[in-house]
Amino acid sequence: LLIPRGVQFIGDYAFYHTDCISAVTIESSNDEYKLERIGNYAFANCGELTSVEIPATVKTIGEGTFTYCDQLQSAVYLGTKEQWSKVSVGADNEELTKVLSYKYSQINNVVLSQTKYTYNGKVQKPEITTISGKQLKEGTDYDATWTNISSKNAGSYAVTVTGKGAYVGTCTANYTINKAPNTLNVKGNTVKIA
């Protein structure tokens, strides 16, 4: 079943007990969707329904919308887990929620291999260890923008990670290069200058 791109609301009981539906997809225009609400029991008792896509524009899923959809194996929300948490989902939709997955993951918690350096006259820059608790691939999963690629002077620096592909959003991590301790050789002795 292909829901046309301009549809904003799927009514209550719209496809109730329709056995010939195996998949539900929502048509989009350049990945822009209009659907905001799926009514009560709209797909309830659709015994052949195995997969459904839910656009990130959806704000409300009614009561029992997917109840008794016992064959439902795949429900993909075309957004992030964070966006899904704001969707109002009515009671009796366990068939949907138990197989729900997310098309996109939100970028957060960038961990660097090191966050503090001491000035040594050379470029010092950390590696990006994990993003959102995972080892992601630069260029495929994210792009990194450094405040100064040739970071060698004492100061504060940052890297901003921007998601791509299956990842969305941005997150920034900071690191610093501290001044080297000043030393002075006096008649063969080394003296630290504060």
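For the structure given in this document, a descriptive report is provided here. (Residues numbered from 1 in each chain as written. Predicted model: local features only at pLDDT ≥ 70, side-chain atom pairs only at ≥ 80, totals over all residues. Heavy atoms only, no water.)

A look at the packing of aromatic side chains
One pass over the structure, following the stated rule, counts eight aromatic pairs. Centre to centre, the rings of Tyr-13 and Tyr-16 are 5.5 Å apart; their planes meet at 65°, and the pair counts as edge-to-face. By relative accessible area, Tyr-16 is classed as partly exposed at 39%. Plain terms: the ring middles of Tyr-77 and Trp-84 are 5.0 Å apart, the flat faces sit at 65° to each other, and that makes the pair edge-to-face. Judged by its relative accessible area of 1%, Tyr-77 falls in the buried class. Owing to a relative accessible area of 11%, Trp-84 belongs among the buried residues under this scheme. Counting every residue linked through ring pairs, the aromatic cluster contains Tyr-117, Trp-146, Tyr-157 and Tyr-175. One Lys or Arg, Lys-125, reaches over the ring of Trp-146 and ends 4.5 Å from the middle of that ring. (Phe/Tyr/Trp six-rings, centres within 6.5 Å; stacked < 30°, edge-to-face > 60°. Buried < 20%, exposed > 50% of the residue type's maximum accessible area, 1.4 Å probe, protein only. Lys NZ or Arg CZ within 6 Å of the ring centre and 35° of its normal.)

Brief notes about the nonpolar core
In terms of nonpolar packing, the biggest core is built from 24 residues, with Val-24, Phe-43, Leu-49, Val-52, Ile-61, Phe-66 and Leu-96 touching the most fellow members. For this core, the secondary-structure elements that each account for two or more residues are β3 (23-26), β5 (51-55) and β7 (74-78). For Val-52, the residues in contact, after removing those within four places along its chain, are Val-24, Phe-66, Leu-72, Ser-74, Ala-75, Val-76 and Leu-96. In this structure, Tyr-117, Trp-146, Val-159 and Ile-177 belong to the second largest nonpolar core, which totals 18 residues. (Core = buried A, V, L, I, M, F, W, Y, C linked by side-chain atoms within 4.5 Å. Helix = DSSP H or I, 4+ residues; strand = E, 2+ residues; numbered from the N terminus. Contact = heavy atoms within 4.5 Å.)

With respect to the environment of Trp-146
Mapped onto the elements, Trp-146 comes out in strand β14 (residues 142-146). Excluding its chain neighbours within four sequence positions, the residues that come into contact with Trp-146 are Lys-125, Pro-126, Ile-128, Ala-158, Val-159 and Tyr-175.

Re the sheet that holds strand β17 (residues 170-178)
In spatial order, the strands read β12-β17-β15-β14; together these four strands make up an open sheet with mixed pairing. Each having just a single partner strand, β12 (116-118) and β14 make up the two edges of the open sheet. Mean inter-strand twist for the sheet, computed between neighbouring axes without regard to direction, equals 25°. As paired strands, β14 and strand β15 (residues 155-163) are joined by five bridges and run antiparallel to one another. Looking at β15, one finds that Ala-144 is bridged to Val-161. (Pairing = 2+ DSSP bridges. Axes fitted to C-alpha atoms, helices over the stretch in contact; angles between N-to-C directions.)

Let's talk about unusual backbone geometry
Positioned with a positive phi, Asn-109 is a non-glycine residue whose angle comes to about 50°. Within the secondary structure, Asn-109 is located in the loop between β10 (105-106) and β11 (110-112). A residue is classified by how much of its surface remains accessible, and Asn-109, at 48% relative accessible area, is partly exposed. Its identity is not glycine, yet Ser-132 carries a phi of approximately 55°, on the positive side. With respect to the helices and strands, the residue Ser-132 is situated in the loop between β13 (128-131) and β14.

Details of the pattern of salt bridges
If you walk through the whole model with that rule in mind, you get four salt bridges. Two residues, Glu-27 and Arg-5, come together in a salt bridge whose shortest N-O distance is 3.4 Å. With a gap of 22 residues between them, Glu-27 in the loop between β3 and β4 (37-38) and Arg-5 in the loop between β1 (2-3) and β2 (9-10) connect regions that are remote in the sequence. For Glu-27, a relative accessible area of 27% puts it in the partly exposed group. A residue is classified by how much of its surface remains accessible, and Arg-5, at 41% relative accessible area, is partly exposed. One salt bridge connects Arg-37 with Asp-12, and the closest N-O pair in it is separated by 4.0 Å. Residue Arg-37 is located in strand β4, and its partner Asp-12 is located in the loop between β2 and β3; the two are separated by 25 residues in the primary sequence. (Salt bridge = Lys/Arg side-chain N within 4 Å of Asp/Glu carboxyl O.)

Taken by themselves, the reported measurements are silent on function.
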